[in-house]
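# Structural overview for review
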Amino acid sequence: IDLAHDAIIVRDPNSAVKSWNQGAAALYGWTKEEAAGKVTHTLLQTQFPEPGDDVERKLMETGEWSGELVHTARDGSQIVVASHQVVQRDEEGKPAAILEINRDITRHKHAEASQRSSEARLRALVCSMDDAVFEVDEQGRCLSAWTGSPQLLARSQNAPSQRNIEDFLPTQSLAS
């Protein structure tokens, strides 16, 4: 378990840490000894995608829960994790332990946000232009077209993809 890069945490039914692997120590900054007995959601200042009580209820009802959480590391940095949690039950069916595996997806989430922002800036730029921008494939077929001046694309009647770029241009712009 200590060879895993993911944070692997075993906690009791009250969420107190029973086991904390090296992946958790590396990700969050607390040693096994420092984390032992601490309530994970308090220690990590967990931000849930829905109310924490709802997450806990679903976990106990179904025996597992998966989703994204935001944790705060010892150094104050925020870490987004893909979390999978599973309940272990005793012979009587009562929760005995919860296994939580957290994979750091912070860089991936930042990259997604950066891409969305970049796309929004590009879309705003293209829509403010008096020119048309075309995306074409290797055969010259138009995959999409953008412009701030719809009259530039007057010949396209909600043009489907796989049309030539000339299909989008006004007739006066075509060579005679």
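Being a predicted model, the structure only gives us computed values, none of them experimental.

## Considerations on the overall build of the chain
Scanning the chain from terminus to terminus reveals 5 helices and 8 strands. Reading the chain from its N end, one meets helices and strands in the order β-β-α-α-α-α-β-β-β-α-β-β-β. The buried share among the 176 residues of the chain stands at 30%. Residue pairs in contact within the chain that sit at least 24 positions apart in sequence constitute 33% of those at least 6 positions apart. Summed over its atoms, the accessible surface of the chain is roughly 11000 Å², and 51% of this surface lies on carbon and sulfur atoms.

## Notes on the environment of Glu 50
Mapped onto the fold, Glu 50 is located in the loop between helix 3 (40-43) and helix 4 (52-62). Distance in space between the C-alpha atoms of Glu 50 and Leu 69 is 9.7 Å, their sequence separation being 19 residues. Not counting chain neighbours up to four residues away, the residues in contact with Glu 50 comprise Val 55, Lys 58 and Trp 65.

## Remarks on unusual backbone geometry
With a phi angle near 75°, Ser 15 is a residue other than glycine that sits in the positive phi range. By relative accessible area, Ser 15 is classed as buried at 7%. Phi is positive for Gln 45, which is not a glycine, with a value near 50°. Looking at the element boundaries, Gln 45 is found in the loop between helix 3 and helix 4. Residue Gln 45 is classed as partly exposed on the basis of its relative accessible area, which comes to 49%.

## A closer look at the pattern of salt bridges
This model, assessed by the stated rule, comprises 11 salt bridges. A salt bridge links Lys 109 to Glu 112, with the nearest nitrogen and oxygen atoms 3.4 Å apart. Highlighted residues: Lys 109 and Glu 112, both in helix 5 (residues 106-128), separated by 3 residues, approximately one helical turn. Residue Glu 112 is classed as partly exposed on the basis of its relative accessible area, which comes to 27%. A salt bridge links Asp 137 to Arg 141; the nearest nitrogen and oxygen atoms lie 2.9 Å apart. Residue classification places Asp 137 among the buried positions, given a relative accessible area of 14%. Each member of the salt-bridge network shares a partner with another, and the members are Asp 54, Arg 57 and Glu 61.

Cut-offs and rules
Note on numbering: residues in each chain are counted from 1, in written sequence order. Per-residue local features of the predicted model are confined to residues with pLDDT of at least 70, and side-chain atom pairs are confined, for both listing and counting, to 80 or more; whole-chain, interface and lining totals are unaffected and use all residues. The basis for every side-chain value is the complete set of non-hydrogen atoms in the structure, without hydrogens or water. Secondary structure follows DSSP: runs of H or I at least 4 residues long count as helices, runs of E at least 2 residues long count as strands, and numbering of each begins at the N terminus. Any residue under 20% of the maximum accessible area for its type is buried, any over 50% is exposed, and the rest in between are partly exposed; the area is computed with a 1.4 Å probe on protein chains only. Note on contacts: a residue pair qualifies if any of its non-hydrogen atoms lie within 4.5 Å across the two residues. Each accessible area is a Shrake-Rupley estimate made with a 1.4 Å probe; only the visible protein chains count as cover when residues are assessed. Throughout this description, the term salt bridge denotes a Lys or Arg side-chain nitrogen within 4 Å of a carboxyl oxygen of Asp or Glu.

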